[in-house]
Amino acid sequence: MDFNNIRIVVCFLPQNNWTSEEGNRKLSVIRNVVFAVTGIGVILLYAISGNMYDLHINRMVAAILISFGCYILVTLWSKTKPKIGLLMISKTCAYMWVIVMGLQLLF
């Protein structure tokens, strides 16, 4: 079972209390740690192979770091400081940057 499957299973657990205001902090941490480990793996892969075959995709590492950095801050503090949720816009822009870099490889 890989990390993404673990995260999916944890997300489906009824103990997450998705319908309540409180949620389940412990399961939130578990599912986001699994997500972060996957992200770290992707970052390492791009960092190691970014210049292989003259693809020049080292900037992908920066985009993924920005994305995960914004997501982690929102995950940790959005309940106490709702305005931090605005960082999801930066995260989305980083995702768009990843898409643009990927499309540049195709065309």
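In what follows, the structure referred to is the one given above.
Residues numbered from 1 in each chain as written. Predicted model: local features only at pLDDT ≥ 70, side-chain atom pairs only at ≥ 80, totals over all residues. Heavy atoms only, no water.

Things to note about the packing of aromatic side chains
Working step 1: Summed over all chains, the structure comprises two aromatic pairs.
Working step 2: Aromatic pair F35 and F68: ring centres 5.0 Å apart, planes at 40°, arrangement tilted. With F35 in helix α2 (residues 25-49) and F68 in helix α3 (residues 59-77), the pair connects residues that are 33 residues apart, well separated along the chain.
Working step 3: Since its relative accessible area comes to 16%, F68 is described here as buried.
Working step 4: You can call F35 partly exposed: its relative accessible area is 22%.
Working step 5: A connected cluster of aromatic rings, assembled from ring pairs, spans F35, F68 and Y71. (Phe/Tyr/Trp six-rings, centres within 6.5 Å; stacked < 30°, edge-to-face > 60°. Helix = DSSP H or I, 4+ residues; strand = E, 2+ residues; numbered from the N terminus. Buried < 20%, exposed > 50% of the residue type's maximum accessible area, 1.4 Å probe, protein only.)

Thoughts on the nonpolar core
Working step 1: With seven residues, the main nonpolar core is built from I43, M60, V61, A63, I64, F68 and M101.
Working step 2: At five residues, α3 tops the list of elements feeding residues into this core. (Core = buried A, V, L, I, M, F, W, Y, C linked by side-chain atoms within 4.5 Å.)

Some words on the layout of surface pockets
Working step 1: Computed from the structure, the largest pocket encloses a volume of approximately 360 Å³.
Working step 2: Lining the largest pocket are 18 residues, and of these W18, G23, S28, R31 and K79 lie nearest its centre.
Working step 3: Contributions of two or more residues to the lining of the largest pocket are made by α2 and α3.
Working step 4: Top element by residues in the lining of the largest pocket is α2. It accounts for four residues.
Working step 5: Looking at side-chain class alone, the lining of the largest pocket contains three nonpolar, nine polar and six charged residues.
Working step 6: Counted as a void, the second largest pocket has a volume near 160 Å³.
Working step 7: As for the second largest pocket, its lining consists of R25, S28, V29, N32, V33, F35, A36, Y71, I72, T75 and L76.
Working step 8: Taken together, the elements giving at least two residues each to the lining of the second largest pocket come down to α2 and α3.
Working step 9: Among the residues forming the lining of the second largest pocket, the class breakdown is seven nonpolar, three polar and one charged. (1 Å grid on protein atoms, 1.4 Å probe; cavity = no way out; pocket = protein on both sides within 12 Å on 5 of 7 lines; lining within 4 Å. Points joined across faces, edges and corners; volume = space filled by probe spheres on them. Nonpolar A, V, L, I, M, F, W, Y, C, P; charged D, E, K, R; others polar.)

Observations regarding the environment of T75
Working step 1: Its location among the elements puts T75 in helix α3.
Working step 2: Counting along the chain gives 56 residues from T75 to T19, while the straight-line C-alpha distance between them is 17 Å.
Working step 3: Discounting chain neighbours no more than four positions away, the residues touching T75 are R25, S28 and N32. (Contact = heavy atoms within 4.5 Å.)

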